[in-house]
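So the chains spell out like this:
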Amino acid sequence: MSTYWINGGKCLRGEVEIQGSKNASLPILAGSILSGKKSVIENCPIIRDTIVMKDLLEELGCKVAIEENCFTIDSSQCDKEEIPSELMKEMRSSIILMGALLARHKRLVLTYPGGCEIGARPIDLHLNGLRKLGAEITESHGFIVCRTDRLTGCEIDLDFPSVGATENIMLAAVLAEGRTIIRNAAREPEIVELQNYLNSMGAKISGASSNLIKIDGVEHLQETKYRVHGDRIVAGTYLCAAAITGGEITIKGVIPEYIRSTLHKLQEMNCVVKVIGEDSVYLKAPQRLRAVNTIKTMPFPGFPTDMQSQIVAALSVADGTSIVIENIFENRYKYISELTKMGAKITIEGKTAIVKGTKKLLGATVEAKDLRGGAALVLAGLVAEGYTTVEGVTYIERGYENFVENLRNLGASIEIRDERL
Ligand code: UD1
């Protein structure tokens, strides 16, 4: 088992190029099944989750070639209808294959998805949406069996603007007969990316980034080449790394509009933030960060649940007390008991974290229990006095490409250690 070993207290300075977005890449890779042709996806991050998706696509019969950050998927031989449960368990986003496979084969069998245990994460909105499009779905002994004679466009009102459900419905509706309308759709940038990718193959989708998406079904899709945008959560993580260490950073390759809510909070914390051109952001941290009144995680354009842990790590050393409310997932505070081992003064009451800033954190051995919580522990280690060992780094590797190398280039003292030695 590898761990990250950090000698804290170094100020992060410099530039970092932001990897392509994980949460945009995964549904796009799943969508490549729809055409039965070739899709070339550029700027895809090489991380555990995209490699699991590659394995899943290959299990389904696709040919996948990876060269640097370019994934070429040929889905002409995609003929399997069953998603292997071992791979399904590895990653929640594998549920996104449902809509695409149903549209392509009219039948599929799968088990419940895995991924980070950050809450109950039900899939009722996905299943209800697909049922409305004409799928017959039965669940028994842990298997979900979906079949349909044909998918037909319809109107779907989501009870909650779920990102995954919006994506699954879009993927299934692309080849359905007639028009599908999704109301109360998710407005996240990843939905815009999926729309743009599918439209580049000949789909007819409009409305992404608003809460009403229209999909006019088409009979066939074509080959395409598509470039994924920078990862807004990875961008936010590096900004927090600079903020927590009192550093100065320029991040490149991310759309500033996509990280506006994070930038706004970092400014409230007394950081100087400047947007440079179309795809760069500069941040200079004060000597000591300032607490913020309240941060509530919300669907986009609100503050992202995926940035909650990293901002809490930064607030744990800020001057004053901050209130953070996690509205999306009920189990997303598991990293806090680890942060308190390092001296953070945080108490949880239901979905509220009360973060009382302390002047210093102390190095300790801590364990990552999910992806973003793991990143937060690394950030805390960067500022802590002495040595921090972060265990469970496979979670972190699910979402961050060259994390250790990038942090070292920014001046951090961090290395990967193999604990079997
Ligand atoms: C969520 C985040 C997304 C993030 C991703 C990975 C939101 C709104 N979504 O997407 O930004 O990138 O995690 O961490 O912040 N729900 C149901 N039934 C369903 C589906 C969802 O009740 O069928 C509930 C969930 O329990 C949760 C909420 O809806 O409380 C948001 O879920 P959803 O957006 O679907 O989650 P992800 O797609 O995983």
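Residues numbered from 1 in each chain as written. Predicted model: local features only at pLDDT ≥ 70, side-chain atom pairs only at ≥ 80, totals over all residues. Heavy atoms only, no water.

**Q** Got a minute to help me understand the nonpolar core in this structure?
**A** Nonpolar side chains in soluble globular proteins tend to end up buried together. Grouped together as the largest cluster of nonpolar side chains are 73 residues, with contacts concentrated most on I41, M53, L97 and L198. Residues C240, I244, I259 and A368 belong to the second largest nonpolar core, which totals 72 residues. (Core = buried A, V, L, I, M, F, W, Y, C linked by side-chain atoms within 4.5 Å. Buried < 20%, exposed > 50% of the residue type's maximum accessible area, 1.4 Å probe, protein only.)

**Q** In this structure, what is going on with the domain arrangement of the chain? I would like to understand it.
**A** Accessible area lost on assembly of the parts is the figure often given for the size of an interface. What the domain assignment reports for the chain is domain 1 (2–19 + 230–418) and domain 2 (22–227). Computed over C-alpha atoms only, the centres of domain 1 and domain 2 are separated by 30 Å. On the side of domain 2, 23 residues touch domain 1, which itself brings 25 residues to the contact. Together domain 1 and domain 2 conceal approximately 2,100 Å² of surface at their shared face, both sides included; 53% is due to carbon and sulfur atoms. (Domains from an automatic or database assignment. Contact = heavy atoms within 4.5 Å. Buried area = accessible area lost by both parts, 1.4 Å probe.)

**Q** Is there a simple way to explain the layout of surface pockets in this structure?
**A** Any empty space left between atoms is shown by rolling a water-sized probe over those atoms. Counted as a void, the largest pocket has a volume near 980 Å³. In terms of lining residues, the largest pocket is bounded by 40 residues, among which R92, R121, V163, G164 and F329 are the most central. The set of elements that each furnish at least two residues to the lining of the largest pocket consists of α1 (22–31), α5 (124–132), α6 (163–173), α8 (232–244) and α12 (371–383). Per element, the largest residue contribution to the lining of the largest pocket is 4 residues, and it comes from α1. Among the residues forming the lining of the largest pocket, the class breakdown is 20 nonpolar, 7 polar and 13 charged. Two domains share the lining of the largest pocket, each providing at least three of its residues, namely domain 1 (2–19 + 230–418) and domain 2 (22–227). Estimates place the volume of the second largest pocket at around 260 Å³. What lines the second largest pocket is a set of 15 residues, among which E17, I18, N43, R227 and G253 lie closest to the centre. Both domain 1 (2–19 + 230–418) and domain 2 (22–227) contribute no fewer than three residues apiece to the lining of the second largest pocket. (1 Å grid on protein atoms, 1.4 Å probe; cavity = no way out; pocket = protein on both sides within 12 Å on 5 of 7 lines; lining within 4 Å. Points joined across faces, edges and corners; volume = space filled by probe spheres on them. Helix = DSSP H or I, 4+ residues; strand = E, 2+ residues; numbered from the N terminus. Nonpolar A, V, L, I, M, F, W, Y, C, P; charged D, E, K, R; others polar.)

**Q** Can you walk me through empty space enclosed by the protein in this structure?
**A** All chains considered together, the criterion is met by 2 cavities of 30 Å³ or more. Lining the largest cavity are S21, A24, P189, E190, E193, H229, G230, R232 and Y258. A total of 3 residues in the lining of the largest cavity trace back to one element, the largest contributor, which is helix α7 (residues 189–200). A domain split of the lining of the largest cavity shows at least three residues from each of domain 1 (2–19 + 230–418) and domain 2 (22–227). One number sums up the size of the second largest cavity: a volume of about 30 Å³.

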